[in-house]
Amino acid sequence: MLSFFPTPYPDELLYSILARYHYLAGNSSATHTSIEIFGRRTISSVGLPCYLDLLEKRINNPYLTSEYFINNHTFFPYYNTFFMPSQSKKVKQMMKSEFGQSAYATAGISASRIESKHFLMHCEKCIEEDIDAYGETYWHRIHQLPGIYICHKHNKELHETIVPLRTRNQYEYITATYENVKSNGSHLPIDKQTKPYLLKLAKLTNQLLRGVYYQKEPDSLYKQYKNRLISKGLCSVKGSVSRMDLINSFRSVYNEQFLKLLQSPINETRDNWLSRIFRYHRRSFHPIRHLLVMMFFGENLESYFQLNKEYLPFGNGPWYCLNPMCQDFHTTSVTNLRITPCYNTKKPVGTFACHCGFVYSRRGPDISESDSFKIGRVKEFGDVWKKGLLKLVHEGGSMRGIARQLRCDPITVKRHASLMGVSFSWNNEKLKQAKEEFDSIKKKNSSDFTAHQDKLNQWIDLQSNNPNLSITKLRKIRPELYGYIYRHDRDWLFSNSPKGNKKIVVNNKVNWEERDKHLLESVRLIVQDWDSKADILTRITISEIGRRINKISLLQKKGYKLPKTMEYIQNVVEDVESFQIRRVKWAKKQLRKSGEEIKEWKLYRKASLRRNISNKVKREIIKCLEEYDYEVNNDN
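Here the structure is a predicted model, which is why all the values come from computation and not from measurement. (Residues numbered from 1 in each chain as written. Predicted model: local features only at pLDDT ≥ 70, side-chain atom pairs only at ≥ 80, totals over all residues. Heavy atoms only, no water.)

Enquirer: What's the story with the overall build of the chain in this structure? I'm lost.
Expert: Summing up its helical and strand segments, the chain has 30 helices and eight strands in all. Radius of gyration (C-alpha) of the chain: 38 Å, far over the 26 Å computed for a compact globule of 636 residues. Across its three principal axes, the chain shows a C-alpha extent of roughly 120 × 70 × 45 Å. A burial count over the chain gives 43% of its 636 residues as buried. Looking at the chain alone, contacts between residues at least 24 apart form 61% of all its contacts between residues at least 6 apart. On the chain, roughly 37000 Å² of surface is accessible, and the fraction owed to carbon and sulfur atoms is 48%. For the chain, the centre of its 101 positive side-chain charges and the centre of its 67 negative side-chain charges are spaced 6 Å apart. (Helix = DSSP H or I, 4+ residues; strand = E, 2+ residues; numbered from the N terminus. Rg over C-alpha atoms; globule rule 2.2 N^0.38 Å. Buried < 20%, exposed > 50% of the residue type's maximum accessible area, 1.4 Å probe, protein only. Contact = heavy atoms within 4.5 Å. Areas by Shrake-Rupley, 256 points an atom, 1.4 Å probe, with all protein chains shown as cover. Lys, Arg positive; Asp, Glu negative; His and termini not counted. Charge placed at Lys NZ, Arg CZ, Asp CG, Glu CD.)

So this is what it looks like as structure tokens:
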């Protein structure tokens, strides 16, 4: 039984609480602290600690239960938001028991390509507030999560400390003393474009840590994402995602630098993470990638964790009957709706069938109330409409008058009356109108006809004088003549003009599999010989690889057709940190080759490095110096 236990602070990591206990207890060994707290030797874990039932028993405080620590002082609520229901129970049980080391694997964290931070981080403004409020500072939970580089409260960049997230001594507890958090003032350089997105991500992450959002069904988020894709026109009604349109739309929102910073770059292969997250979720996805998708759609978190709503491009039924002959005209009497994708636009098309037999369709989605009264196409008029047509014909109405009452085209009225064998006199009206038009043409002055014929002869002469010119070039020579004939005798113009030469289309289909194979070999040769004879090193990027093989446009525009080549390139390209490490190793070789003594300042100068490099690069420099000292001592 513990004689005392520190009072937990808001959003404090359990690791930080135990570190404060270690400090206050005055223990010289972290192992002794572990035995005092848990009654046995355990590993110190920052994110998902275990043995929490043992801790609850040792504290013997009705408020400080294992459930309380899990929900308020660990990473569990962050990951639990996107767990499957069964997965959530397993991970929580593991954290309470002695099998907590398997929690990371069960949560899918171990298999994730998104790595944890290497060092604990802090916000300078939070430190000041902590000291003013509590007289000391502590490790804030949200600051240590992957992808969090901005403080959600103060909109300030987080600073990296020298305290590693995973210490060499697995039983060590390090407190957030003023000296520790101030030891290293380095932080990631964040541009103005990226900062608003990182702040938004931090705020959403803070909402996840409240633990109020979780999936009630295994496929709830999958359905929510699919519905939003359909509404954006990036997915058909039947669920087929337009992969390239989705990737291009996603890249228009997030730049490549931001996605790399969050360890979520997108390649154009069919198996990239963005394509997989819109398929049925048979595996876990890191919360960062879920949040990127939610930010892409631009909706609040609450909307994703409500009851699953079916995508309704035409709203909830019933819908309006638009048959003017039906007794239910303009009332919501239609209950039969079938939704199919449009062949050209892939947008939803609704086919509405009323009990009167009237069937119409329109392309959606409906935006306003007035859209509910629109007809795109009538597929079936039905018996009620046809009986109404017969009644209006027998009453002696005109064709246009009947069309107005039936809300359709006059030609439609005529066609359906003819199909039903109805005798009518509309043809006589049309013949009379045609006769009047013919008489008016006949009364034209013969001089007008002569002038018209002269214009036609001029066009024939123009072609005779320029036999090799096309109709477009002839038009440029005599634009006024072309314009006259085009307005008055268009059919004659096209019948008596040079015909355009048909372009011969050579169908040279590209064997992309073969091209991918040859291009992969070229890229491998380039990368293997990269900077072998250069005086200045060059960073390995997809753009530089493309320039060196003279295929930069092919890689950028058709990369999705070259899966093997792009996979290899993704594995060999360097981020800034990797390139700096390679420069350090190269600098060491150059100094050894010239016989110079290897010193820290020489490595910095030779590798063209500044002092604000990451801790990983600094460790590589220290490693080079230690290797050099070892080699010198052994030679002596």
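Now that the structure has been shown, the text picks up again.
Enquirer: Hey, could you run me through the packing of aromatic side chains in this one?
Expert: How two aromatic rings sit relative to each other is given by the distance of their centres and the angle of their planes. Summed over the entire model, instances satisfying the criterion amount to 34 aromatic pairs. Judged by centre distance (5.0 Å) and plane angle (65°), the rings of Phe250 and Tyr254 are edge-to-face. You'll find Phe250 and Tyr254 in the same group, each marked buried. Taken together, the ring pairs connect Tyr197, Tyr225, Phe250, Tyr254, Phe258, Trp273, Phe278, Phe296, Phe297 and Tyr304 into an aromatic cluster. Taking NZ or CZ as reference, Arg228 lies 4.2 Å from the ring centre of Tyr304, over its face. If you follow Arg583 out to its NZ or CZ, it ends over the ring of Phe579, 4.7 Å from the centre. (Phe/Tyr/Trp six-rings, centres within 6.5 Å; stacked < 30°, edge-to-face > 60°. Lys NZ or Arg CZ within 6 Å of the ring centre and 35° of its normal.)

Enquirer: In this structure, what is going on with a nonpolar patch on the surface? I would like to understand it.
Expert: A contiguous nonpolar patch, built from Phe4, Tyr23 and Leu24 and spanning about 340 Å² of accessible area, is present on the exposed surface. For Tyr23, the location among the structural elements is in helix 1 (residues 14–25). Given a relative accessible area of 59%, Tyr23 falls into the exposed group. (Patch = residues over 30% accessible without salt bridge, like charges linked within 9 Å, V, L, I, M, F, W, Y side chains within 5 Å. Salt bridge = Lys/Arg side-chain N within 4 Å of Asp/Glu carboxyl O.)

Enquirer: Even after reading the chapter, I still don't get helix 28 (residues 576–593), so can you show me in this structure?
Expert: An α-helix turns once per 3.6 residues; consequently, residues spaced three or four apart project the same way. Compared with the 26 Å implied by 1.5 Å per residue over 18 residues, the 26 Å span of helix 28 between its first and last C-alpha is a close match. Among all positions in helix 28, only Phe579, Gln580, Ile581, Arg583, Val584, Trp586, Ala587, Lys588 and Leu591 are buried. Looking one or two places after helix 28, you find Gly595, whose phi comes out positive at around 80°. (Expected span 1.5 Å × (residues − 1).)

Enquirer: Which parts of the structure should I look at to understand unusual backbone geometry?
Expert: Of note, the amide linkage connecting Gly317 to Pro318 takes the cis form, showing an omega dihedral of 0°. Its location among the elements puts Pro318 in the loop between helix 15 (287–297) and strand 3 (319–320). Following Gly364, the chain continues into Pro365 via a peptide bond in cis, with omega recorded as 0°. Structurally, Pro365 can be placed in the loop between strand 7 (359–363) and strand 8 (377–380). One non-glycine residue, Asp11, lies in the positive phi region at around 60°. Considering the arrangement of structural elements, one finds Asp11 in the segment before helix 1. Positive phi is not limited to glycine here, since Asn155 has a value of about 55°. Looking at the secondary structure, you find Asn155 in the loop between helix 8 (124–134) and strand 2 (159–164). With relative accessibility at 33%, the residue Asn155 sits in the partly exposed group.

Enquirer: Hey, could you run me through the packing of helix 16 (residues 382–394) against helix 17 (residues 399–406) in this one?
Expert: A pair of packed helices is captured by two measures, namely the crossing angle of their axes and the spacing between those axes. Running from amino to carboxyl end, helix 16 crosses helix 17 at an angle of 145°, the nearest separation of the two axes being 10 Å. As helix 16 runs across helix 17, the sense of the crossing is right-handed. On the side of helix 16, the interface is formed by Trp385, Leu389, Leu392 and Val393, while helix 17 contributes Ile402, Gln405 and Leu406. Each residue belonging to the contact of helix 16 with helix 17 can be placed in one class, and the counts come to six nonpolar, one polar and no charged. (Axes fitted to C-alpha atoms, helices over the stretch in contact; angles between N-to-C directions. Left-handed = near helix turned anticlockwise from the far one by under 90°. Nonpolar A, V, L, I, M, F, W, Y, C, P; charged D, E, K, R; others polar.)

Enquirer: When you look at the sheet that holds strand 8 in this model, what are you seeing that I'm missing?
Expert: Strand-to-strand pairing in sheets goes through backbone hydrogen bonds, with the strands running parallel or antiparallel. Overall, antiparallel pairing links the four strands, which are arranged 5-6-7-8 in an open sheet. If you trace the sheet from one side to the other, it starts and ends with strand 5 (336–341) and strand 8, each paired once. Neighbour-to-neighbour, the strand axes of this sheet turn through a mean angle of 25°, independent of strand direction. Pairing of strand 5 with strand 6 (residues 348–353), which is carried by six bridges, proceeds in the antiparallel orientation. Note on strand 6: the bridge partner recorded for Ile339 is Gly350. (Pairing = 2+ DSSP bridges.)

Enquirer: Any chance you could explain the pairing of strand 7 here in plain terms?
Expert: Side-chain direction in a regular strand flips from residue to residue, so the side chains alternate between the two faces of the sheet. The element strand 7 is largely enclosed, with a buried count of four among its five residues. Examined bridge by bridge, strand 6 and strand 7 share five bridges and lie antiparallel to one another. The residue bridging Ala353 from the neighbouring strand is Val359, located in strand 7. Hairpin geometry of strand 6 and strand 7 is characterised by an intervening segment of five residues between the two adjacent antiparallel strands and by a positive phi of about 95° at Gly357. As judged from the three bridges shared by strand 7 and strand 8, these two strands associate in the antiparallel manner. Within strand 8, the residue paired with Ser361 across the bridge is Arg377.

Enquirer: Would you take a moment to explain the pattern of salt bridges for this structure?
Expert: When the charged atoms of two side chains lie near each other, side chains of opposite charge can form a pair. Under the defined criterion, the tally for this structure stands at 23 salt bridges. Two residues, Arg20 and Glu12, come together in a salt bridge whose shortest N-O distance is 2.9 Å. A relative accessible area of 7% places Arg20 in the buried class. Bridged by salt links that share partners, the residues Asp531, Glu544, Arg547, Arg548, Glu574 and Arg582 form one connected network.

Enquirer: Whenever I open this one, the confidence of the model for the chain confuses me. Can you help?
Expert: Low pLDDT means the predicted atomic positions in that stretch should not be read closely. In this model, the chain carries a mean pLDDT of 84, and residues with pLDDT of at least 70 account for 92%. In the predicted structure, residues 430–439 sits below a pLDDT of 50 and forms one contact with residues beyond four places in sequence or in another chain. Contacts of residues 441–445 to residues separated by more than four positions or lying in other chains number zero contacts, the stretch itself having pLDDT below 50. (pLDDT = per-residue confidence, 0-100.)

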